[in-house]
Amino acid sequence: MSGADVYIGSLDQGTTSTRFIIYDRFARAVGSHQVEFTQFYPQAGWVEHDPMEIVESVRICMARALDKATAEGHNVDNGLKAIGLTNQRETTVVWSKSTGLPLYNAIVWMDVRTSSICRKLEKELSGGRTHFVESCGLPISTYFSALKLLWLLDNVEGLNEAVKKGDAIFGTIDTWLIWNLTGGVENGLHVTDLSNASRTMLMNLKTLDWDKSTLDTLGIPAKMLPKIISNSEIIGNIAKGWPITGIPISGCLGDQHAAMVGQACRKGEAKSTYGTGAFILLNTGEEVIKSDHGLLSTVAFKLGPKAPVNYALEGSIAIAGAAVQWLRDSLGIISSASEIEELASKVTSTGGVYFVPAFNGLFAPWWRDDARGVCIGITRFTNKSHIARAVLESMCFQVKDVLDSMHKDAGKKGEAKSEGKEFLLRVDGGATVNNLLMQIQADLLGSPVVRPADIETTALGAAYAAGLAVGVYKEDEIFASGEKMKQASIFKPVLEEELRKKKVDSWCRAVSRSFDLADLSL
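This one's a predicted model, so the numbers in the text were calculated from it and none came from an experiment. (Residues numbered from 1 in each chain as written. Predicted model: local features only at pLDDT ≥ 70, side-chain atom pairs only at ≥ 80, totals over all residues. Heavy atoms only, no water.)

1. Overview of helix H11 (residues 321-331)
Considered for burial, the residues of H11 that qualify are Gly321, Ala322, Ala323, Val324 and Leu327. The secondary structure elements touched by the buried residues of H11 are helix H12 (339-344), strand S17 (354-356) and helix H13 (384-410). Within two residues after H11, glycine 332 carries a phi angle of roughly 70°, on the positive side. (Buried < 20%, exposed > 50% of the residue type's maximum accessible area, 1.4 Å probe, protein only. Helix = DSSP H or I, 4+ residues; strand = E, 2+ residues; numbered from the N terminus. Contact = heavy atoms within 4.5 Å.)

So this is what it looks like as structure tokens:
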């Protein structure tokens, strides 16, 4: 499709903020708006969002982005062809079909209130922690939506009765937003895409449908669940009452899957997104690779109802950029996240300080929900610059742990190398503007890190999926990574191999010190 006045909107609903970005025919952003929303912490380890506040944030971002693009001379009102949606995964909502109101706050992906349910299931089920891995690729963990839904069914008064009446329905954030955008109580569509569905623990990776045996084992009613669709197809039109109306929603992916599309990750290529957490995915093509090293098998993307499925190995890190927010909001060491680079650059090393940000346990590859944050190696020599640098290093060490596991699982055949026979890690997300962080990452990996010119690849991936479904973009354009690589920044390792090995060994010792700390006395 050609023409100057052709646009695609991208709704990027994240853990701490919502954004709406408008792209032109050449995937250039021409207008955007972002708003943060409230984080609720009712108890230690609990994290919630208000689903209605998220809906309102979407409304604001849409309106403001449209205004900004129009003010710049773009005829978006007449040229907008579709919107794509990408979202924080696993975060769980239940709501009433008749009132449109949530029946409880959204339980966020990093929330650990379900740890007792996890332990109970591990003891009762024959396969223990890995009982469902064969069907869904995921271990029993507080991370996934199914456990959050079980907690809601056990603890929210009147929910089971509403389920029996057919009034209470379940969804991740994509489902909640699509339902509202397409009409809500007036025949809103109850759907999810297969990337989000793959993170619930309820979808079978082979059939790409809800797994009946899993639902029966957990006692989750199938009638609560949305219909599963592909990542790129016309889902439905935006209803009246929104800043945009009558435009099709034609793309939907979980945030990490959208970033894979935005980064044009083909089979054997990996990307790491640095946001609240960090998420590393390696495209394994049309093959599901089972991990023996603590990673998850998941869907990468399926770009159309009849398109082949690409699968991925994933390592999820709960706390990455959130550790920088903690330095800012809880300790006051910095007043804005951007200050950490300058502060950490005042020293050339951490001075032997190692920080493990296990605030709510550790995800891949350790999977220890009994871990808690530790900062070790502190002496009278230690100052806030050493601690800031240790926080940056902690993000990079965690990514290295995951990539080491990926290399073991995928093997040499499962990885794509550059012309220089090097494995390249594509990076994106807000934290990647930090050049020091990127250099530390390359140093600790011992291989290059590639940062694209546009680091907001999550929103871009959702726009690509939506545009593909309505003929604005073509698949060969989306995956033409050669041109994108010319505009990218490449960080090459400079750290000596012997020192790298010593630092990695010290990090592993620090991680081991974080275990079995969940029951420390208040």
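2. What about the sheet that holds strand S12 (residues 248-254)?
Taken in spatial order, the 6 strands of this open sheet run S3-S2-S1-S5-S12-S11, and their pairing is mixed. Each having just a single partner strand, strand S3 (29-36) and strand S11 (232-237) make up the two edges of the open sheet. Here the strands of the sheet are splayed against their neighbours by 25° on average, with no regard to which way each runs. Relative to S12, strand S5 (residues 80-87) runs parallel, the two being bridged by 5 bridges. Along S12, the bridge assignment pairs leucine 85 with cysteine 252. (Pairing = 2+ DSSP bridges. Axes fitted to C-alpha atoms, helices over the stretch in contact; angles between N-to-C directions.)

3. Looking at the nonpolar core
If you look at the biggest cluster of nonpolar residues, it comprises 139 residues, and the most contacted ones within it are Met201, Met203, Leu218 and Ile220. The biggest single contributor to this core is H13, with 12 residues. In terms of nonpolar packing, the next biggest core, distinct from the first, is built from 38 residues, Val30, Phe37, Leu85 and Trp242 among them. (Core = buried A, V, L, I, M, F, W, Y, C linked by side-chain atoms within 4.5 Å.)

4. Some thoughts on the state of the cysteines
Under the definition given, this model contains 0 disulfides. The thiol of cysteine 118 is unpaired, and the distance to the nearest cysteine sulfur, on cysteine 136, comes to 12 Å. With no disulfide of its own, cysteine 252 lies 17 Å from the sulfur of cysteine 61, the closest cysteine sulfur. (Disulfide = S-S within 2.5 Å.)

5. Structural notes on helix H3 (residues 115-124)
Every buried residue belonging to H3 is among Ile117, Cys118 and Leu121, and all of these are buried. Buried residues in H3, looked at end-on, bunch into an arc of 100°, giving them a common side. Facing away from the buried side of H3 by over 90 degrees, the exposed positions are Ser116 and Lys123. Buried residues belonging to H3 abut helix H5 (145-155) and helix H9 (212-218). (Arc of directions from axis to C-beta.)

6. Quick notes on the pairing of strand S8 (residues 168-172)
Taking burial as the measure, the 5 residues of S8 include 5 buried ones, the bulk of the element. Along S8, one buried face is formed by Ala168, Phe170 and Thr172 and the opposite face, lined by Ile169 and Gly171, is buried too. Here strand S6 (residues 92-96) runs beside S8; their pairing, made up of 5 bridges, is antiparallel. Within the sheet, the bridge partner assigned to valine 94 lies in S8 and is phenylalanine 170.

7. Some remarks on the packing of aromatic side chains
Enumeration according to the criterion identifies 20 aromatic pairs in this entry. Both rings, one in tryptophan 95 and one in tryptophan 176, keep their centres 5.1 Å apart while their planes meet at 70°; by these two values the pair is edge-to-face. Within this pair, whereas tryptophan 95 is found in strand S6, its partner tryptophan 176 is found in helix H7 (residues 173-181), the two being separated by 81 residues in sequence. Of the two residues, tryptophan 95 and tryptophan 176, both sit in the buried class. The interplanar angle of 35° and the centroid separation of 4.8 Å between the aromatic rings of tyrosine 143 and phenylalanine 144 together place this pair among those described as tilted. By relative accessible area, phenylalanine 144 is classed as buried at 0%. By way of ring pairs, the aromatic residues Trp109, Tyr143, Phe144, Phe279, Phe363 and Trp367 are connected into one cluster. Geometry around phenylalanine 26 places arginine 25 over its ring, the cationic atom sitting 5.8 Å from the centre. Above the ring of tryptophan 151, the side-chain terminus of arginine 113 is found at 4.6 Å from the ring centroid. (Phe/Tyr/Trp six-rings, centres within 6.5 Å; stacked < 30°, edge-to-face > 60°. Lys NZ or Arg CZ within 6 Å of the ring centre and 35° of its normal.)

8. Things to note about empty space enclosed by the protein
The final tally for this structure, using the stated rule, is 1 cavity of 30 Å³ or more. Its boundaries defined by the atoms lining it, the largest cavity holds a volume of some 50 Å³. The wall of the largest cavity is formed by Leu362, Phe363, Ala364, Trp366, Gln398, Asp401, Trp507 and Val511. Mapped by element, the contributors of at least two residues to the lining of the largest cavity are H13 and helix H18 (497-513). Residue composition of the lining of the largest cavity, by class: 6 nonpolar, 1 polar and 1 charged. (1 Å grid on protein atoms, 1.4 Å probe; cavity = no way out; pocket = protein on both sides within 12 Å on 5 of 7 lines; lining within 4 Å. Points joined across faces, edges and corners; volume = space filled by probe spheres on them. Nonpolar A, V, L, I, M, F, W, Y, C, P; charged D, E, K, R; others polar.)

9. Looking at unusual backbone geometry
In this chain, alanine 364 is followed by proline 365 through a cis amide linkage whose omega measures -10°. Take proline 365: it is sitting in the loop between S17 and strand S18 (374-376). Of note in this structure, alanine 27 is not a glycine but carries a positive phi near 60°. Mapped onto the elements, alanine 27 comes out in the loop between strand S2 (17-24) and S3.

10. A closer look at the packing of H3 against H5
For the pair H3 and H5, the least separation of the axes is 10 Å and the interaxial angle reads 105°. By the criterion of interaxial angle, the relationship of H3 to H5 is roughly perpendicular. Here Ile117, Cys118 and Leu121 of H3 lie close against H5, whose contacting residues are Leu147, Leu150, Trp151 and Asp154. Here the contact of H3 with H5 is composed, by residue class, of 6 nonpolar, no polar and 1 charged. (Parallel < 35°, antiparallel > 145°, perpendicular 65-115°, else oblique.)

Keep in mind these numbers describe shape, not what the thing actually does.
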